[in-house]
Amino acid sequence: MLRLKKKHDTPTDEVVTPPDPRALIAAQSPGKAIVAGALAVLTLCVLWTAITIATGRIFPWFSIVLGAIVGRVVRRYGLGLDYRFPLIAALLVCTGALLGNLMIAIPTTTDELDAGAWQVIRGLTWRSFEIFFDEVITAVDYIYAGFATALAVFYSRRRLRREEEFALRTMKGNEAR
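Here the structure is a predicted model, which means the values were calculated and not measured.

Rules used throughout
Residues numbered from 1 in each chain as written. Predicted model: local features only at pLDDT ≥ 70, side-chain atom pairs only at ≥ 80, totals over all residues. Heavy atoms only, no water. Patch = residues over 30% accessible without salt bridge, like charges linked within 9 Å, V, L, I, M, F, W, Y side chains within 5 Å. Areas by Shrake-Rupley, 256 points an atom, 1.4 Å probe, with all protein chains shown as cover. Salt bridge = Lys/Arg side-chain N within 4 Å of Asp/Glu carboxyl O. Buried < 20%, exposed > 50% of the residue type's maximum accessible area, 1.4 Å probe, protein only. Phe/Tyr/Trp six-rings, centres within 6.5 Å; stacked < 30°, edge-to-face > 60°. Lys NZ or Arg CZ within 6 Å of the ring centre and 35° of its normal. Lys, Arg positive; Asp, Glu negative; His and termini not counted. Charge placed at Lys NZ, Arg CZ, Asp CG, Glu CD. Helix = DSSP H or I, 4+ residues; strand = E, 2+ residues; numbered from the N terminus. Core = buried A, V, L, I, M, F, W, Y, C linked by side-chain atoms within 4.5 Å. Contact = heavy atoms within 4.5 Å. Axes fitted to C-alpha atoms, helices over the stretch in contact; angles between N-to-C directions. Parallel < 35°, antiparallel > 145°, perpendicular 65-115°, else oblique. Nonpolar A, V, L, I, M, F, W, Y, C, P; charged D, E, K, R; others polar. Expected span 1.5 Å × (residues − 1).

Caption draft 1: Representation of a nonpolar patch on the surface within the structure. A surface patch of nonpolar side chains, amounting to about 360 Å² of accessible area, comprises Tyr 83, Leu 87 and Leu 91. Overall, the relative accessible area of 47% leaves Leu 87 in the partly exposed class.

Take a look at the structure:
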């Protein structure tokens, strides 16, 4: 009496065609994933630096935001189904977390040395990077970078509909015979 009509009760005249698994595999693009992910990393690192300069505070948790966004960008532009895309996202986010911290350290160094940003960048040596990793990067930065990497790996793989997953499994089963 008070039952609502179910959507799946009504018959449809639509003919459902199964997805082509070869088209799903052909749609993968590691190159697009790398380019789009690298652009996202650079954009977010610049944003992270700008927010830090504007507020005068360092936000180490921004690397987690970086991981979630880069993972989704790799998924969106790479359309990846295999292990390469989580690996691409992980490498981009690890690099991005360290690059973001380095970009934040440069304005701080310019204030302390009373020099321009380009002077500080031109004066970087291996010794500068040793000091950076010893004194600037802390355990918290590594923890946030690890969580950011895990998020990027989680979000980077393409999510398939049930029909697409079934088509891929069927194709792999037929190839194994």
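Caption draft 2: Here's a closer look at the packing of aromatic side chains. Applying the stated rule across the entire model yields 6 aromatic pairs. Taking 6.3 Å as the distance between ring centres and 50 degrees as the angle between the ring planes, the aromatic pair formed by Trp 61 and Phe 62 counts as tilted. Residue Trp 61 is classed as partly exposed on the basis of its relative accessible area of 42%. With relative accessibility at 8%, the residue Phe 62 sits in the buried group. Ring pairs connect the aromatic residues Trp 48, Phe 59, Trp 61 and Phe 62, which therefore count as one cluster. Geometry around Tyr 155 places Arg 72 over its ring, the cationic atom sitting 5.4 Å from the centre. Its guanidinium or amino end placed over the ring of Phe 154, Arg 159 lies 5.0 Å from that ring's centre, counting from NZ or CZ.

Caption draft 3: Here's a closer look at a positive patch on the surface. Among the surface-exposed residues, Arg 72, Arg 157, Arg 159 and Lys 172 lie close enough to one another that they form a single positively charged patch. Relative to the helices and strands, Arg 72 resides in helix α3 (residues 62-78). Here Arg 72 falls in the partly exposed class, since its relative accessible area comes to 45%.

Caption draft 4: View of the nonpolar core. In terms of nonpolar packing, the biggest core is built from 21 residues, with Val 70, Val 74, Leu 92 and Val 93 touching the most fellow members. Among the elements of the structure, α2 (30-55), α3, α4 (84-113) and α7 (139-156) are those that each provide at least two residues to this core. Top element by residues in this core is α2. It accounts for 7 residues. Once you skip the residues sitting within four places of it in the chain, Val 70 turns out to touch Gly 37, Ala 40, Val 41, Leu 44, Leu 92 and Val 93.

Caption draft 5: Representation of the side chain of Ser 63. Counting through the fold element by element, Ser 63 comes out in helix α3. Judged by relative accessible area, which is 2%, Ser 63 ranks as buried. If near-sequence neighbours (up to four positions away) are discounted, Ser 63 is found in contact with Trp 48, Ala 97, Tyr 144, Ala 145 and Ala 148.

Caption draft 6: Structural detail: the packing of α4 against helix α6 (residues 126-136). For the pair α4 and α6, interaxial distance at closest approach is 12 Å and the crossing angle is 95 degrees. Taken together, the axes of α4 and α6 are roughly perpendicular relative to one another. Only Phe 129, Phe 132, Phe 133 and Val 136 of α6 make contact with α4, whose side of the interface consists of Leu 98, Asn 101, Leu 102 and Ala 105. Split by residue class, the contact of α4 with α6 holds 7 nonpolar, 1 polar and no charged.

Caption draft 7: Geometry of the environment of Phe 62. Note that Phe 62 resides in helix α3. For the pair formed by Phe 62 and Trp 48, sequence separation is 14 residues and the distance between their alpha carbons is 7.0 Å. Excluding its chain neighbours within four sequence positions, the residues that come into contact with Phe 62 are Leu 44, Leu 47, Trp 48 and Ile 51.

Caption draft 8: Quick peek at α3. The terminal C-alpha atoms of α3 lie 23 Å apart, and with 17 residues this matches the ideal 24 Å at 1.5 Å per residue to within 8%. For α3, the complete set of buried residues consists of Phe 62, Ser 63, Leu 66, Gly 67, Val 70, Gly 71, Val 73, Val 74, Arg 75 and Gly 78. Among the structural elements, α2, α4 and α7 are those in contact with the buried residues of α3. Trailing α3 by a residue or two, Leu 79 shows a phi angle of about 50 degrees, which is positive.

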